[in-house]
Amino acid sequence: MNWEQLLSLKRFGDTNKRLRNEQDETRLGFEVDYDRIIFSSEFRSLQDKTQVIPLSQTDFVHTRLTHSLEVSVVGRTLGRRVGAKIIEKYPHLTTIHGYQANDFGAIVAAAALAHDIGNPPFGHSGEKAIGEFFKTGKGFRFKEVLSDKEFQDLCDFEGNANGFKILTESRAGREGGLRLSYATLGAFMKYPKESLPKRPTKHIADKKFGFFQSEKDAFMDVASDLGLIETRTGSTVSFGRHPLTYLVEAADDICYTIIDFEDGINMGLIQEEYALEYLINLVRDSINANKYHQLTNTKDRVSYLRALAINTLINEAVDVFVKNEESILKNEFGVSLLDKCQYEAQISDIIKLSVKQVYQSEEVIGKEIAGYEVLNDLLTVYTKALDNFMKGETSNYDKLILKTLEKHLSLHENMTTYEMLMMVCNYVAKLSDSNAILTHKKIKGTYL
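Each value, and the rule that gives it
Residues numbered from 1 in each chain as written. Predicted model: local features only at pLDDT ≥ 70, side-chain atom pairs only at ≥ 80, totals over all residues. Heavy atoms only, no water. Helix = DSSP H or I, 4+ residues; strand = E, 2+ residues; numbered from the N terminus. Rg over C-alpha atoms; globule rule 2.2 N^0.38 Å. Buried < 20%, exposed > 50% of the residue type's maximum accessible area, 1.4 Å probe, protein only. Contact = heavy atoms within 4.5 Å. Arc of directions from axis to C-beta. Phe/Tyr/Trp six-rings, centres within 6.5 Å; stacked < 30°, edge-to-face > 60°. Lys NZ or Arg CZ within 6 Å of the ring centre and 35° of its normal.

Q: Explanation requested: the overall build of the chain in the structure shown.
A: The helix and strand tally for the chain stands at 21 helices and 0 strands. Taken over C-alpha atoms, the radius of gyration comes to 23 Å for the chain, in line with the 22 Å a tight globule of 448 residues would show. Expressed as lengths along the three principal axes of its C-alpha atoms, the size of the chain is roughly 70 × 55 × 40 Å. Here the chain holds 448 residues, and 54% of them are scored as buried. Taking the contacts inside the chain whose residues are at least 6 apart along the sequence as the reference set, 73% of them involve residues at least 24 apart.

Spelled out as C-alpha cells, the structure:
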C-alpha cells in the first residue's frame, strides 16, 4: 500500500479525481466528512445509546455520543502526530501532492467520530440480541431461503458492518449515503472482510467482519480505490486494513479503557483508593505528586489521572505506529497498537477490573436482560408483518405495523427476504435505547 492512494479524496459518484493541492484550505474534503457525520440523524441518536451503563439517570456517565466525540478528539491528535512523522519520512506527499500532517488528523477524527454509528441500542448486548433472534429464535426459520453468508450476516449482526451500511447506503435523493471520502471510509473499516469464514487467521483485521452482503459492491469499490491488500482465498472477500484504522482503533481502546474505568469510579462501582492505584501505575513517569495531593475530591483526582493516562497512551500508540509503519503498509502487523506498547500489562489490569466491577455489575446486566426482551419482541413483530406482506397474507394487525414502518423503510413487493431482514435489522439498530423501549410499549399495548 502507498500513502498517495490511501489518502484518497474520492467520493461516491465522482468521475474526476480530486487532488489535494486543489482543495479549499478553509473547508478541506476530509473535514467535510466530519461535518456530514455530526449532522446526520444516525449520529444524533447516539446521545441516547448505551456506552457502558444502560439508561443511566446520572449526568456524568458516558453515552455512545459523548464516547464518540472523545474518541474523535483522541483520534485527531493521534492522526496529526503520526501525520507529521509520515510527511517527514515522505516529503513528496507535501511537495508534490499537497498533503499536510493535519490531513491525517482530519481523516482519523472523522472515522473515529463514526466508529459506533452502526451500534444497536443497549450496547454490545444489542448486537447479541439481534444475532440470537436468528441463531436460536424465531428468525431461524429464514435460514433455508438465505445463502450461508447472508444468514451469517444476521447471526453475527455486527455494528461495524451496520455502520458501513449507514455511511454508504444509497436511497432516493441520497446516492452514496453520506458520500464520505474513501480515505475516511477506509480508516473506518476496522474488519475489512465479509462474515464468512469466521476468524480465518489470528490477524486482528479478521477478528470480526466489516460489511454485509448488501454492501459488498460498495466495499469492493472503496478497497480497490485505496489499494488495500487483498487477502481473499477462493470466493471469500477480505483485505488488509487501511493503516489509519490502527489509529482509530487505538483512540477507541484508549477511551474505553480509561474513561469507562472513570465512569465506574464515579458511579461507585469501583472503590476509589483501589482504582486510583491502577491509574497511578500507568502514569508514574509523568505524575506531579504535589499537584495531585492538592486535589481534594475523587472527581478531580480521577480527572487528573485520566488526562495523564490518555496522553501517555497517545504517545505510546504514535511510537508503536511509527516504528512499525512499513510492516503496517505490508499488512504484516497483526495486533492492535496498544497490544505492543510498554503499558500492555497495566491496560490489561484496568480492563479486567472494569469487566468484573462495571461491565458485569448488577445494574448493567439487569438492563441488558431487558434489552434482549425489547429487541426480540420488535424483531418478531416486524419480520412477521413484512414476511406476510411479501406473501400477500397481511392481517389487519400487520397492516397497522406496516403503517408505522412505511415512512422509515423502502418497502416493495419484489424485495428479497435478505433485503427485508436487513432492512428490519438496520431500522431496529438505529433506534435509541429510549425509543426502542417506547416502541416496544406501543406494540405491546402498554403505552396509550
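Continuing now.
Q: Hey, could you run me through helix H2 (residues 29-38) in this one?
A: Along an α-helix, a turn takes 3.6 residues, which lines up residues three or four apart on a common side. Where H2 is concerned, the buried positions are Gly-29, Phe-30, Val-32, Asp-33 and Ile-37. Buried residues of H2 fall within an arc of 150 degrees about the axis and therefore sit on the same side. Those residues of H2 that are buried are in contact with helix H3 (41-44), helix H6 (101-113) and helix H10 (182-188).

Q: Help me understand the packing of aromatic side chains, please; the structure alone is not making it clear to me.
A: Tallying each qualifying case throughout the model produces 12 aromatic pairs. Between Phe-219 and Phe-239 the ring centres are 5.6 Å apart and the planes differ by 70 degrees, which places this aromatic pair in the edge-to-face class. Here Phe-219 is found in helix H11 (residues 216-226), whereas its partner Phe-239 is found in the loop between H11 and helix H12 (245-266), with 20 residues between them in sequence. Among the residues examined, Phe-219 registers a relative accessible area of 0% and is labelled buried. Take Phe-239: its relative accessible area is 6%, and that puts it in the buried class. For the pair Tyr-382 and Tyr-427, a centre-to-centre distance of 5.8 Å together with 65 degrees between the ring planes defines the contact as edge-to-face. Taken as a pair, Tyr-382 in helix H18 (residues 362-391) and Tyr-427 in helix H20 (residues 417-430) lie far apart in primary sequence, 45 residues in all. Comparing Tyr-382 with Tyr-427, the two get one shared label, buried. Through a chain of ring-to-ring contacts, the aromatic side chains of Phe-164, Phe-211, Phe-219 and Phe-239 assemble into a single cluster. Note that Arg-241 overlies the ring of Tyr-246, its terminal NZ or CZ placed 4.9 Å from the centroid.

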